[in-house]
Amino acid sequence: AALASLQTYLTEGQLTEQHLLDNMKRLLDACRSCNDCLRWRLLHGDPQRDPQRVVSLLLQVAQLEYKLKAMFQGLLASKAEKWRFCRAQVVERMTELSDYFTGEKSLSRVSRDENLMRWFASLATEAANLAEDEATTTGRKIQNLIAALEEVEQFEQVDSIQIKAFLGDTREFLLQMVRLTNVQPTVMHVLETVSDL
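Note that this is a predicted model, so its numbers are computed, not measured.

Novice: Looking at this model, I keep getting lost on the packing of aromatic side chains. Mind explaining?
Specialist: What characterises a pair of aromatic rings is the spacing of the ring centres plus the angle enclosed by the ring planes. Summed over the entire model, instances satisfying the criterion amount to two aromatic pairs. Plain terms: the ring middles of Phe-85 and Phe-173 are 6.2 Å apart, the flat faces sit at 70° to each other, and that makes the pair edge-to-face. Here Phe-85, found in helix H4 (residues 51-100), pairs with Phe-173, found in helix H7 (residues 161-181); they are 88 residues apart in sequence, far enough to count as distant. Look at Trp-119 and Phe-120: their rings are 5.1 Å apart centre to centre, the planes differ by 70°, and that puts the pair in the edge-to-face class. The ring of Phe-166 is capped by Arg-93, whose NZ or CZ atom sits 5.2 Å from the centre of that ring.

Novice: Looking at this structure, I do not really get the nonpolar core. What am I missing?
Specialist: Nonpolar side chains tend to gather and get buried jointly when the protein is soluble and globular. Within the largest apolar cluster, 52 residues are counted, with the highest numbers of intra-cluster contacts made by Leu-68, Met-94, Phe-120, Leu-167, Leu-174 and Met-177. Elements represented by at least two residues in this core include exactly helix H1 (2-10), helix H2 (17-22), helix H3 (24-44), H4, helix H5 (114-128), helix H6 (135-152), H7 and helix H8 (185-196). Considering every element that reaches this core, the biggest residue donor is H4, with 13 residues.

The rules behind the values
Residues numbered from 1 in each chain as written. Predicted model: local features only at pLDDT ≥ 70, side-chain atom pairs only at ≥ 80, totals over all residues. Heavy atoms only, no water. Phe/Tyr/Trp six-rings, centres within 6.5 Å; stacked < 30°, edge-to-face > 60°. Helix = DSSP H or I, 4+ residues; strand = E, 2+ residues; numbered from the N terminus. Lys NZ or Arg CZ within 6 Å of the ring centre and 35° of its normal. Core = buried A, V, L, I, M, F, W, Y, C linked by side-chain atoms within 4.5 Å. Buried < 20%, exposed > 50% of the residue type's maximum accessible area, 1.4 Å probe, protein only.

Okay, here's the thing in structure tokens:
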């Protein structure tokens with residue numbers, strides 16, 4: 001199974017930044033498992049019987065480790081910038097939704113809804129106050145924001161397809177913020193430890 005996943009990850013275009021963010025644990029486990037398999041073959045197998053296969057496995061594992069390290073270093077370097085961009089998008093969208101429910105926008109055919117207007121404004125403030133360096137607290141707050149956006153989508157006043165799409169995009173930015181929050185230097189240390197085994 002480890003060798004099959006190794007081939008999958010090394011397929012061109014499979015290992016993307018988004019895939020790494022979504023499957024960080026699975027990728028680290030695959031790397032660990034491939035290293036275990038390689039070590040077992042070197043220690044317990046007969047490398048003389050099929051040296052080409054052992055060398056091929058060694059090179060493929062090294063290639064996966066190299067790709068993961070390079071991508072992760074890039075993520076660590078750009079994490080703060082991407083996180084701030086996502087947060088700015090969330091705040092901007094919540095502010096726009098608050099403005100939409102004032103009923104004063106030129107193309108808005110919605111009646112003024114003070115409660116939704118204040119609620120979206122408070123969400124915008126809450127999103128603006130999120131701190132990227134407090135992973136656990138920020139993760140919980142973002143999950144609460146996502147749940148709140150899913151709940152408000154069920155309201156009768158939020159029946160427009162455009163608003164629902166807007167809310168969906170906002171949730172996706174929030175999820176990306178959670179993924180980026182999980183990018184920590186400790187993961188790089190784990191990857192280096194696995195690679196050194």
